[in-house]
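Understanding the architecture of this molecule
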Amino acid sequence: MAQRRVLIAGNWKMHGMKADLDWIAKFAALVSAPSGEVAVCPPVTLLDAFAAPLASHAIALGGQDCSPEASGAFTGDISAAMLADIGCTYVIVGHSERRDGHGETSALVRRKAEAVIAAGLVPIICVGEHLAEREAGRAVETVLDQLAHSLPEAGAADLVIAYEPVWAIGTGRTAGPEEAQQMHTAIRAAFPGSDRHLLRILYGGSVKPDNAASLLACPDIDGALVGGASLDPHQFAEIVNLAS
Ligand code: PGA
């Protein structure tokens with residue numbers, strides 16, 4: 001039986017100010033010794049302030065995106081090495097809000113994932129279909145195509161996949177546990193290499209305390225990427241406690 005450590009990651013997106021530093025103490029007071037791993041991906045402006053307090057509670061720090069480039073004249077961009085320097089363990093790449101809102105292709109996502117690995121960090125590579133693709137019966141095909149073109153060419157010692165159906169993100173709609181499990185099975189089966197049983201596949205898209213238990217009970221769901229509910233320390237702690 002594969003040993004995969006559950007990961008619950010909070011994606012704060014473009015939310016959070018310095019005044020939200022007390023989120024960490026509030027959250028830490030509500031969680032009961034999680035057996036899995038917890039990560040928080042605040043906006044880049046808060047990474048430095050969050051690094052030490054999160055580390056003191058054994059919570060990993062993550063970035064929400066990075067440049068595919070190592071360094072250079074790229075105004076406004078942040079390299080994976082900079083995220084490593086500030087204390088990150090994880091970097092989300094290929095989130096649908098980057099793919100759709102910033103025209104990021106799977107080829108670019110692959111380069112970003114490779115940059116993350118080169119910096120010694122772990123990429124959380126997001127994939128997910130739009131509603132029209134699901135309704136046309138092409139959800140699995142779409143996601144597996146994204147996966148094939150987003151994975152680092154040379155493989156990786158450690159990477160995480162997040163399946164996030166676009167129609168479930170921030171909408172209050174989630175994939176049912178059966179729908180999600182089916183996709184996770186397909187992703188695992190398609191993952192190249194013999195260690196696919198060790199691959200952690202997170203589900204994301206309107207994960208809340210009231211639906212987390214049934215999703216996390218699925219054999220191929222190894223954690224969650226939580227957006228809106230991660231901003232509330234009570235809701236995020238409830239999800240983490242359900243995963244333990
Ligand atoms: P949500 O976001 O939980 O607010 O739907 C998830 C995500 O986009 O990672």
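All of the points below concern the structure found in this document. Predicted, not measured: the structure shown is a model, and the values here were computed from it. (Residues numbered from 1 in each chain as written. Predicted model: local features only at pLDDT ≥ 70, side-chain atom pairs only at ≥ 80, totals over all residues. Heavy atoms only, no water.)

1. A closer look at the overall build of the protein chain
The helix and strand tally for the protein chain stands at 10 helices and eight strands. Relative to its length of 244 residues, the protein chain is compact, with a C-alpha radius of gyration of 17 Å against a globular reference of 18 Å. With respect to the three principal axes, the spread of C-alpha positions in the protein chain is 45 × 45 × 35 Å. Expressed as a percentage of its 244 residues, the buried residues of the protein chain come to 49%. Pairs at least 24 residues apart make up 73% of the contacts formed inside the protein chain by residues separated by at least 6 positions. Element-wise, carbon and sulfur atoms account for 55% of the exposed surface of the protein chain, whose accessible area totals about 10,800 Å². Both charge centroids of the protein chain, one from 17 positive and one from 28 negative side chains, sit 1 Å from each other. (Helix = DSSP H or I, 4+ residues; strand = E, 2+ residues; numbered from the N terminus. Rg over C-alpha atoms; globule rule 2.2 N^0.38 Å. Buried < 20%, exposed > 50% of the residue type's maximum accessible area, 1.4 Å probe, protein only. Contact = heavy atoms within 4.5 Å. Areas by Shrake-Rupley, 256 points an atom, 1.4 Å probe, with all protein chains shown as cover. Lys, Arg positive; Asp, Glu negative; His and termini not counted. Charge placed at Lys NZ, Arg CZ, Asp CG, Glu CD.)

2. A look at the site of the ligand
The immediate surroundings of the ligand are formed by 13 residues, with Lys 13, His 95, Glu 164, Gly 170 and Ser 206 found nearest. Within the side chain of His 95, a nitrogen or oxygen atom sits 2.6 Å from an oxygen atom of the ligand. Between Gly 170 and the ligand, the recorded distance is 2.6 Å, taken from a backbone N or O atom to an oxygen atom. Compared with its free state, where it exposes 290 Å², the ligand has 97% of that area covered by protein. (Near = heavy atom within 4 Å. Polar contact = N/O pair within 3.5 Å; in protein donor to acceptor, adjacent residues only side chain to side chain.)

3. With respect to the pairing of strand 5 (residues 122-127)
Within strand 5, six of the six residues are buried, which leaves the element mostly enclosed by the surrounding structure. Where strand 4 (residues 90-93) meets strand 5, four bridges bridge the pair, whose relative direction is parallel. Within strand 5, the residue paired with Val 91 across the bridge is Pro 123. As paired strands, strand 5 and strand 6 (residues 160-163) are joined by four bridges and run parallel to one another. Within the sheet, the bridge partner assigned to Val 127 lies in strand 6 and is Tyr 163. (Pairing = 2+ DSSP bridges.)

4. Side note on the packing of aromatic side chains
The final tally for this structure, using the stated rule, is six aromatic pairs. Ring geometry for Trp 23 against Phe 27: centres 4.9 Å apart, planes inclined by 10°, an arrangement best described as stacked. Here Trp 23 and its partner Phe 27 are both found in helix 1 (residues 22-30), four residues apart, which amounts to about one turn of the helix. Taken as a pair, Trp 23 and Phe 27 share a single burial class, namely buried. For the pair Trp 23 and Phe 236, a centre-to-centre distance of 5.9 Å together with 40° between the ring planes defines the contact as tilted. (Phe/Tyr/Trp six-rings, centres within 6.5 Å; stacked < 30°, edge-to-face > 60°.)

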